[in-house]
Amino acid sequence: MKYLLYYRDGFLKKFPLDKAEITVGRSSANDLILEEDDISRRHLQIEVKTDHIVLRDLKSTNGVFVRGRRISVAVLRMGESFSLNGFSFYLREGSLEEFQLTRELDPVFEHIQRENRSRNSFDETRYVRDVYTEFLKLFLRAGMGRSDFSEFLREISVELAQLPIPGGLFLMEGGKNGVGILLAVNRLPSLAELAEHQVVPGHDVFAECLFDIPLEAKEKVRLFSQPMKLGKRPAALVYLHPGDKHSTDERLLEFLTTLSRELELLFLVIEEAGRKIIVTSEIPETTPDIPFVAMDPRMRQLVQQAERIARSDLFVTIQGESGTGKELFARLLHDRSNRAKGRYVAINCAAIPESLLESELFGHEKGAFTGAHARRQGRLELASGGSLILDEIGEMPMGLQVKLLRVLQEHAFYRVGGNEPIRVDLRIISLTNMDLMEAIRAGRFRSDLYYRLAHHRFSIPPLRERRVDIPGLINFFTRKYCRRSRKNIRGFSVQAFEILQRCSWPGNVRQLENEINRLVNLSDEGGLVGAELISEEICADIFTVQAKETVPIVRGESEHQRLVRLLEHNNWNKSRTARDLGMTYQGLHKKMKRLGIKRPDSIDS
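The sections below set out a description of the structure shown in this document. Just so you know, these numbers come straight off a predicted model, no measurement behind them.

**Some remarks on the sheet that holds strand S5 (residues 44–48)**
Here comes step 1: Spatial strand order, S4-S3-S5-S6-S9: five strands in an open sheet with mixed pairing. One side of each edge strand has no neighbouring strand; the edge strands of this open sheet are strand S4 (32–33) and strand S9 (73–77).

Structural data, given as structure tokens:
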């Protein structure tokens, strides 16, 4: 049966389209009554057809809107929506039994009503309640128009990351292939040991509601879990609270309980929509990237500073390792500035030979040199009124540094072979992966140019120093490449997720993005990403990092020698060695077999 799923102020309802014609309005004579001042007495007529509905505006005051435009008559097909002054309606199809879900969700709505009624006079309490309640409303509203549950989870994880929730929050799924992580907002460094036996030895989070269970791990944590069902699959919303004493806010626990119920509901609604809606080529090849996925306090502070600095014309130097996101900061500084309508012109000082770099920067006149068949504008001229991005500024030859300094002093320059000065209005953003002060001391960079370029300096930390950002980046890139490849994956196995979290990522965010792109393309449609798909270089990095924490690294030592030394350090106790390396017992056994490592005969089995 067709029905309308509609939402307002945190409430979700269903209206069956069981008649050929249905009217909507404020009057009690209508089939669907909406008692709101903005709704006309007879607002809308709906004609129910076999595979669609027809909307007719009954000369209402405030109108009927489809895809943001006011309509008089419109055809609506399955999965599409329309709105009436604050109400959003989605056309769905389902069995009669599905309407029982509304009654099951009464506790959710009652909780939201209690939250709104019980706000007290304490500002902090009111703020926390408001944040949780508004998120629950956002969660329902955001999920109702979707047809892919996994993609929805990855999108909403960005919003969850902004909530005042310490510790780690995970949506976990059980199955024949082990435990999988569908959603993660993790502020704890380690999860693998907790998740190895469905999080708690002696308990099953997929069958028991667990409250305030103390756990012994690398960090003392307390566990709360709510078992769920995602269709027929067992699942659990697991919350790990840092600390060895019970101090969890009861409001947070109420929020998590309500969130688990909403997850169950939206899974059913979205899965039903996914069966009815055919995904076509209307999905874009790429999706607009959000500027930053940042939970790390330093990164957030840098982003806030960039937002403020952007509105000025200050020259900025951005220092950071390759792949940390220097270009994103440069783009943010341009897009948020008064120069956003001007050009964003970038040049890599290390990628262009010295003989051509001057012409690229300053341009040239016709006949200035062999091959100069026409006048050409340089990057300085093209960027006038906008932003000039000098990537790898530390690689600029000394001769060009002198010429660039003169441009900054006089705001004018000459094209190569020209004799007419060209005045420019510039803002320069310089990017570098080297320490420019060290380059100045070594005589490779001019100090006077540095102080001209560095009115303000940003230093971006590498990904290994802000591991709290890794789960959000995993979610973001997974969503991005699932859309690009038109593929759906449910999430990551616990071991795969933990490996990605523990890697030191020498290539930073760029390397993580490339790895997620690779994993999405290698994974099975609708499945979990397993640890066996992760590239050898990532696994080797994990081994090096974990071994280094346990026994000192010896220069020139092979992987075989290092593992033997670690086993000897643990008296050939494989379980302890596997824990030190952050891998399973079976994973260690396979590694030993691959490297040809056997326990010496002198040690008893």
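**Section: the packing of helix H4 (residues 149–160) against helix H14 (residues 470–485)**
Here comes step 1: Between H4 and H14, whose axes approach to 9 Å, the crossing angle comes to 145 degrees. For the element pair H4 and H14, the recorded crossing hand is left-handed. Two secondary-structure elements touch here, H4 through Glu151, Arg154, Glu155 and Ser157 and H14 through Asn475, Thr478, Arg479, Cys482 and Arg483.
Here comes step 2: Grouping the amino acids of the contact of H4 with H14 by side-chain chemistry returns one nonpolar, three polar and five charged.

**Quick look at the pairing of S5**
Here comes step 1: By the criterion of burial, S5 is predominantly enclosed, with five of the five residues buried.
Here comes step 2: Side chains Leu44, Ile46 and Val48 of S5 all project onto a buried face; the interleaved residues Gln45 and Glu47 project onto the opposite face, where all are buried too.
Here comes step 3: Here strand S3 (residues 21–25) runs beside S5; their pairing, made up of four bridges, is antiparallel. Its bridge partner lying in S5, Ile22 is registered against Ile46.
Here comes step 4: Bridge count between S5 and strand S6 (residues 52–57): five bridges; the pairing is antiparallel. Residue pairing in the sheet places Val48 in a bridge with Ile53 of S6.
Here comes step 5: Connecting the antiparallel pair S5 and S6 is a turn made up of three residues.

**Remarks on the pattern of salt bridges**
Here comes step 1: As enumerated under the stated definition, the model contains 25 salt bridges in all.
Here comes step 2: In this structure, Arg233 engages Glu173 in a salt bridge whose closest nitrogen and oxygen atoms are separated by 2.4 Å. Pair noted here: Arg233 is in strand S16 (residues 233–242) and Glu173 is in strand S12 (residues 168–173), with a separation of 60 residues, a long-range link.
Here comes step 3: On the basis of relative accessible area, Arg233 is assigned to the partly exposed category, the value being 30%.
Here comes step 4: Linking Arg415 and Glu365 is a salt bridge whose minimum nitrogen-to-oxygen distance equals 3.0 Å. Taken together, the residues Arg415 in the loop between strand S22 (412–413) and strand S23 (422–423) and Glu365 in the loop between strand S19 (363–364) and strand S20 (376–377) connect sequence positions 50 residues apart.
Here comes step 5: Arg415 gets classed as buried once you look at its relative accessible area, which sits at 11%.
Here comes step 6: Glu365 sits in the buried class, given a relative accessible area of 16%.
Here comes step 7: Several salt bridges converge on common partners, so that one network encompasses Glu365, Arg375, Glu381 and Arg415.

**A few points about the environment of Ile46**
Here comes step 1: Structurally, Ile46 is set in strand S5.
Here comes step 2: For the pair Ile46 and Val75, spaced 29 residues apart in sequence, the C-alpha to C-alpha distance is 9.8 Å.

**Details of the side chain of Thr478**
Here comes step 1: In this fold, Thr478 is placed in helix H14.
Here comes step 2: Among the polar contacts listed, one links the side chain of Thr478 to the backbone oxygen of Ile474, at a separation of 2.6 Å.

**Re the packing of H14 against helix H15 (residues 494–502)**
Here comes step 1: Orientation of H14 relative to H15, taken along the N-to-C sense of each, is 120 degrees, at an axis distance of 10 Å. Seen along the crossing, H14 lies across H15 with a hand that is right-handed. Residues Ile470, Pro471 and Ile474 of H14 form the contact with H15, whose participating residues are Phe497, Leu500 and Gln501.
Here comes step 2: Of the residues contributing to the contact of H14 with H15, the split by class is five nonpolar, one polar and no charged.

Basis of the calculations
Residues numbered from 1 in each chain as written. Predicted model: local features only at pLDDT ≥ 70, side-chain atom pairs only at ≥ 80, totals over all residues. Heavy atoms only, no water. Pairing = 2+ DSSP bridges. Helix = DSSP H or I, 4+ residues; strand = E, 2+ residues; numbered from the N terminus. Axes fitted to C-alpha atoms, helices over the stretch in contact; angles between N-to-C directions. Left-handed = near helix turned anticlockwise from the far one by under 90°. Contact = heavy atoms within 4.5 Å. Nonpolar A, V, L, I, M, F, W, Y, C, P; charged D, E, K, R; others polar. Buried < 20%, exposed > 50% of the residue type's maximum accessible area, 1.4 Å probe, protein only. Salt bridge = Lys/Arg side-chain N within 4 Å of Asp/Glu carboxyl O. Polar contact = N/O pair within 3.5 Å; in protein donor to acceptor, adjacent residues only side chain to side chain.

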